[in-house]
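Fold and contact review
For reference, the chains in residue letters:
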Amino acid sequence: VQLVESGGGLVQPGGALRLSCAASGFTFSRYDMNWYRQAPGKERALVAAITSAGGNTNYADSVKGRFTISRDNAKNTVYLEMNSLKPEDTAVYYCNARFLNRISYWGQGTQVTVSS
């Protein structure tokens, strides 16, 4: 099983980034997918979630209206479009795959730094 995140980097406040998470080794279309983030000194927190077929999404209040989660089950990939980025969005962003709250896989994380 592999979850490989990409797309992180350094961006100025107000900028945008698009994270991708490529999945392999499991039946991607059966798994709910999530993006978490962990800032220095803080616990890992859920940012956005999307159900297996992509019909439902949820967001942390802090990113609503700025971030969009989506998935392409044909490409085994989940995305996180991040707009209007703020310094407080700085964190390591992790991709998570979850099946019936019994099976959970994690990626290695990608750093997002929002700074001028």
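Here, every reference points to the structure presented above.
Residues numbered from 1 in each chain as written. Predicted model: local features only at pLDDT ≥ 70, side-chain atom pairs only at ≥ 80, totals over all residues. Heavy atoms only, no water.

1. Notes on the sheet that holds strand β8 (residues 77-82)
Taken in spatial order, the four strands line up as β1-β3-β8-β7 in an open sheet, and their pairing is antiparallel. Each edge of the open sheet carries a strand with a single partner, namely β1 (2-6) and β7 (67-72). The sheet shows a mean angle of 15° between the axes of neighbouring strands, direction not considered. One ladder, built from five bridges, connects β1 with strand β3 (residues 17-24); its direction is antiparallel. Looking at β3, one finds that Ser-6 is bridged to Ser-20. (Pairing = 2+ DSSP bridges. Helix = DSSP H or I, 4+ residues; strand = E, 2+ residues; numbered from the N terminus. Axes fitted to C-alpha atoms, helices over the stretch in contact; angles between N-to-C directions.)

2. Topic: the pattern of salt bridges
In the structure shown here, the tally under the stated rule is four salt bridges. A salt bridge links Arg-18 to Glu-81; the nearest nitrogen and oxygen atoms lie 3.6 Å apart. Within this pair, whereas Arg-18 is found in strand β3, its partner Glu-81 is found in strand β8, the two being separated by 63 residues in sequence. Taking the relative accessible area as the measure of exposure, Arg-18 reaches 45% and is therefore partly exposed. (Salt bridge = Lys/Arg side-chain N within 4 Å of Asp/Glu carboxyl O. Buried < 20%, exposed > 50% of the residue type's maximum accessible area, 1.4 Å probe, protein only.)

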